[in-house]
Amino acid sequence: MILARYRRRFMLGALPGEVLVAVRATGMESALIVGGGLIAEDRTLLGGPESTRNHRLASTLPDGRAIDVEMGYVSWWTVGIAVRLDGVLVHESHPGRRIAFPERAARRAAKPLPQGFDPGQFRRNKVPLLIDVALGLLFFLVAKLTDLGTAALVGAGAGLALVVVQRFVKVDLLGGLALFGIVMLLVSAGLALAFQDDMMVKMRSTIVGLVSAALFLGDGLLGGNRLGRGMARYLPYSDIDPGRLAFGVGLLGLVMAGLNYGVARLTSTDVWLFYTTFVDFFLAAVMVLAVFSYARGRLLPRGYRGPKG
């Protein structure tokens, strides 16, 4: 999964060059292209001492000159390059700016990856995650063009189509959040058909949140042998306690259900639509980090081991 892309162009006389950078959940990759051809690549992983170094893209041009490009962060949110030919600086994307990780970020990133952390798990589940995002955007666009009831029915139809397609393809389309997103769309469609009421469609997150919270809390108290263990296999950690994970997700469900209820009751449909499509995802993403820490024992007193069931 690519989190950010950058392109830094430069000219060597009449010869065009560019550096392409991709920031992934597993690390950063860069490629040096001169005259339309790839001549050098570099890569750093997500964590560890090597993760904070600048990329060095070095090669020899057809005319025999040595090119050396240094690439790295010049701020918290963007990257820069410095191009040298035979050791002489000929181009800077950000003149006068130091190419280096921000000090605070460097100290944090230089630490070894947490024990049991497997960033490749994100890559293995990128298709279901992208499908979940696509279903959310489909609901948003159809709702803006028509109404909430139609959006719920269209979304449910798209979800059921994915369930059928999954039977004929080997790629996992419905793992993790994608299947949950389809369940949400089916609940919305059911509420729209049963009540013909926009407010009931808005209440989908609250209703599903309360039901799922009850199920996860119950599973957590029983050791997480069902829901907790099933969800843990999608996470990039090998030291997750399924009981704690289920209990934490249950608490998160209660919080998100309450927030959705408040936004649905106190704001307009447009505000709720924006919230449910974009804002609640980021809120949940922030809070789920605390759930993961709890599930790994990071927020508990030393020596605490439960619940184990």
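Please refer to the structure placed before this passage.
What this report covers is the structure whose coordinates are included nearby.

The rules behind these values
Residues numbered from 1 in each chain as written. Predicted model: local features only at pLDDT ≥ 70, side-chain atom pairs only at ≥ 80, totals over all residues. Heavy atoms only, no water. Pairing = 2+ DSSP bridges. Helix = DSSP H or I, 4+ residues; strand = E, 2+ residues; numbered from the N terminus. Axes fitted to C-alpha atoms, helices over the stretch in contact; angles between N-to-C directions. Expected span 1.5 Å × (residues − 1). Buried < 20%, exposed > 50% of the residue type's maximum accessible area, 1.4 Å probe, protein only. Arc of directions from axis to C-beta.

### Comments concerning the sheet that holds strand β4 (residues 37-45)
Part 1 of the reasoning: Strand order in this open sheet of four strands is β1-β2-β3-β4, and the pairing throughout is antiparallel. On the outer flanks of this sheet lie β1 (2-12) and β4, each paired with one strand and no other. Here the average twist between neighbouring strands, direction ignored, is 15 degrees.
Part 2 of the reasoning: Where β1 and strand β2 (residues 15-24) come together, ten bridges link them in antiparallel fashion. Opposite Met11, over in β2, you have Pro16 as the bridge partner.

### Describing the sheet that holds strand β6 (residues 66-73)
Part 1 of the reasoning: If you trace the four strands from one edge of the open sheet to the other, you get β5-β6-β7-β8, paired in antiparallel fashion. Looking along the sheet, the strands with just one partner apiece sit at the ends: β5 (55-60) and β8 (88-92). Neighbour-to-neighbour, the strand axes of the sheet open up by a mean angle of 20 degrees, direction not taken into account.
Part 2 of the reasoning: Where β5 and β6 come together, six bridges link them in antiparallel fashion. Residue pairing for β6: Ala58 is matched across the bridge by Asp68.

### Some words on helix α7 (residues 204-221)
Part 1 of the reasoning: Relative to the 26 Å expected for 18 residues at 1.5 Å per residue, α7 spans 26 Å between its end C-alpha atoms, a close match to the ideal helical length.
Part 2 of the reasoning: For α7, the full list of buried residues reads Arg204, Ser205, Thr206, Val208, Gly209, Ser212, Ala213, Phe216, Leu217, Asp219 and Gly220. Across the axial projection of α7, the buried residues extend over an arc of 160 degrees, all falling on one side. Turned more than 90 degrees away from the buried face of α7, the exposed residues are Leu215 and Leu221.
Part 3 of the reasoning: Note on α7: the residue one or two positions beyond its end, Gly223, has a positive phi of about 100 degrees.

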